[in-house]
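Tertiary structure, described
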Amino acid sequence: MKWRYIKQNLFFGAVRLSALTITTAVVAILFYIFVNGISVISWDFLTLPPRDAMTKGGIMPAILGTVYLTSGAIIIALPLGVISAIYLNEYAKQGLVVRIIRVGVNCLAGVPSIVFGLFGLGLFVVFLQFGSCILSGALTLGFLILPTIIGASEEALKAVPQTFREASLALGVAKWQTIYRIVLPNALPGIMTGSILGIGRAAGETAPIMFTAAAFYTSKLPASIFDEVMALPYHIYVLATAGTHIEETRPIQYGTALMLVALVLGIDLIAIIIRSYIRRNRRW
Amino acid sequence: MVTIQDNCIIKVRNVDFYYGKFRALTDISMDFEKNRVTALIGPSGCGKSTLLRLLNRMNDLIDGSRVEGEVVFEGKNIYDQDIDPVEIRRRIGMVFQKPNPFPKSIFNNITYGPRLVGVRKKSDLEALVEQSLRQASLWDEAKDILGQSAMMLSGGQQQRVCIARALAMKPDVLLMDEPTSALDPISTAKIEELIEDLKKRYTIIIVTHNMQQAARISNYTGFFYLGKLIEYNPTEKIFTTPDVRQTEDYITGRFG
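Here we summarise the structure given alongside this text. (Residues numbered from 1 in each chain as written. Chains lettered and ligands numbered in written order. Predicted model: local features only at pLDDT ≥ 70, side-chain atom pairs only at ≥ 80, totals over all residues. Heavy atoms only, no water.)

1. Notes on empty space enclosed by the protein
- If you walk through the whole model with that rule in mind, you get 2 cavities of 30 Å³ or more.
- Lining the largest cavity, in full, are Ala167, Ala170 and Leu171 of chain A together with Met94, Val95, Phe96, Asn100, Cys162, Arg165 and Ala166 of chain B.
- Sorting the residues of the lining of the largest cavity by element identifies α7 (162-170) of chain A together with β6 (92-95) and α6 (155-167) of chain B as the ones contributing at least two each.
- A per-element tally of the lining of the largest cavity places α6 of chain B first, with 3 residues.
- Its residues placed into classes, the lining of the largest cavity shows 8 nonpolar, 1 polar and 1 charged. (1 Å grid on protein atoms, 1.4 Å probe; cavity = no way out; pocket = protein on both sides within 12 Å on 5 of 7 lines; lining within 4 Å. Points joined across faces, edges and corners; volume = space filled by probe spheres on them. Helix = DSSP H or I, 4+ residues; strand = E, 2+ residues; numbered from the N terminus. Nonpolar A, V, L, I, M, F, W, Y, C, P; charged D, E, K, R; others polar.)

2. Things to note about the pairing of strand β2 (residues 22-33) of chain B
All names here are of chain B.
- One ladder, built from 8 bridges, connects strand β1 (residues 8-19) with β2; its direction is antiparallel. Bridging from a neighbouring strand, Tyr18 pairs with Arg23 of β2.
- The antiparallel hairpin formed by β1 and β2 contains 2 residues in its connecting segment, where Gly20 sits at a positive phi of about 60°. (Pairing = 2+ DSSP bridges.)

3. Some remarks on the packing of helix α3 (residues 106-116) of chain B against α6 of chain B
Residues and elements named next belong to chain B.
- Contact geometry for α3 and α6: axes closest at 7 Å, N-to-C directions at 30°. Classified by the interaxial angle, the pair formed by α3 and α6 is roughly parallel. Regarding α3 and α6, the two cross each other, and that crossing is right-handed. Where α3 abuts α6, its residues Ile106, Asn109 and Ile110 lie against Val161, Ala164 and Arg165.
- Of the residues contributing to the contact of α3 with α6, the split by class is 4 nonpolar, 1 polar and 1 charged. (Axes fitted to C-alpha atoms, helices over the stretch in contact; angles between N-to-C directions. Parallel < 35°, antiparallel > 145°, perpendicular 65-115°, else oblique. Left-handed = near helix turned anticlockwise from the far one by under 90°. Contact = heavy atoms within 4.5 Å.)

Below, the structure written as C-alpha cells:
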C-alpha cells in the first residue's frame, strides 16, 4: 500500500475516532440517566407535587416552573436577539461601532452563568423590585441566551443570498419590507437553530435562576409572573446537595434529570420538525 | 456622439462614480432614447455595469460609494435629496446577470412586488400574472405550473420569470445586466426575441459582453473603456464605421 493511502487512512481514522468519542459520550450520559431514572417515572411522579420533605411525591411544580422560565426566556430573547441581528447585519454601517457591539456580544457569551445570576439578582430582584419570581428568572435567562440567538440569527441572515435582497430592492420594494418579506423568512430555519440551542441552555441552567426565580420548595403553582417557581435543574441541585436525605432521594434526582433531558429533547424535536418543514419549501 | 432631442427618457450628465477612493466612472454624459434598446459594451471592469446600476440607484447599497453629476429621469435628477430611491426603482426595473427568482411559486414571484404596492384583488393579480408572463413569453410553458416553485425551472425559464416579475411592476425602463451570460444559446435566443418585442412598450438598457448580441438587438451602443464612455453611436455605425480607433480595436477583437 502506498504511503499516501496510509496517510489518508490515518487521517480518516482520526476523524472517525473523534466523531465516535463524542457520540459515545452523549449516548453514555443519556443511557446512564435513563437507566437510573426510569424506575421512578410514573404518572404520579409527573403530575403530583413533592411531599414528605421532598423525599416522595412528584416533580410537577418543577416541570411547570422550567417550562415557564424557558418560554419566558425565549419570548424575551428571541425578538431582542433577532432584531439586534437584523440591525447588525442589515442596517448598521460596518465599522468600529459594529465591531465593538460584536465583541460585546461575544464577551456576553463568555460570561459565567453565575455572573448572570448575580446580575439578575442585582438588577431585577433588588433594584427593580420584581423580587425572586418568574419574570426576574426569565429576564436573566433571556440575557444569558441572547448571544447565542444573536450569533445564530446573524449567521442565518448572512446565509440569505445577496441576490434575493437585490431582486427585491430592484422591484422598488422598501428595505424594511425586503427584510420582512424575503430575508427573514429565508433566515428562519437558521434562527430556529439558534433558538433550539438557547432553549436547551435556558432549561438546563441552575446558577442564573438560583437567586432570581427558583424556590427551594413550593407546593402552590404560580398564579402570576411575580411568583416564585420550582425548576428542574435547581430541584436536582437541591436534592443532591442541600437536602437531609441525599442518598434516599437519588432515584428522584435521576428521575428529575431524566425529565429535564426529555423536556429539552422534546422541545428540540418539535423545533427541528418545524424547521425541516420550513426548509422543504425553501431551497436555493 | 448621440444627442437625443425629443424622445429622451434618461439623461446622464457629467457623472463621476467612486467606490471609496477608486473612480469607477469618469465624466459620463449620455442620453437614452425612449422605446429603444441601448447596449453598453466594453471589457470587464470598464464601468458599464456600474453605470447601469446608477440608473435605478442600486449602487446606493454599496457602502462608501459616491456619485457626482446628474441622472435626469423625466426632468428630475434622481440623485436629488427629495427623491425616494424606492419610487425610482419601481419606474426603472432591473434584470440581473444570474437568474434570481425568490424561493416562492412562479405566481408569488410575480405578484410579490405588486402586492406590496397595494394590488390585492385576486382577479387583478391573476390578470397581472398572465399579462406579465405573456410579455415574458413564458405563459405557455408556465400557465399550468404557476403554483410550483420558480426554483424548479430551467435557467432560461428562471430568467424569464425574473423579467416577468420586473414587468409586473409596470416600469418605464428595464435595465438588463448581462441577462443571457448564464444561459445556453437557445434560452439566449428566446430572451433576445423577447427584448425585440419588449422595446415597443419599454425602454431597454442592456449591458452585454457579447458583441454579436449588441449588434443583433440594440439601436444604440455605447462603448466603455476604463470608466470612460469612448464612443456612443447608433449600433449600425459602431459596428461598421466607428468614429474612434479604440472602438474598432475592441469590436474586431484586437483587445478586450
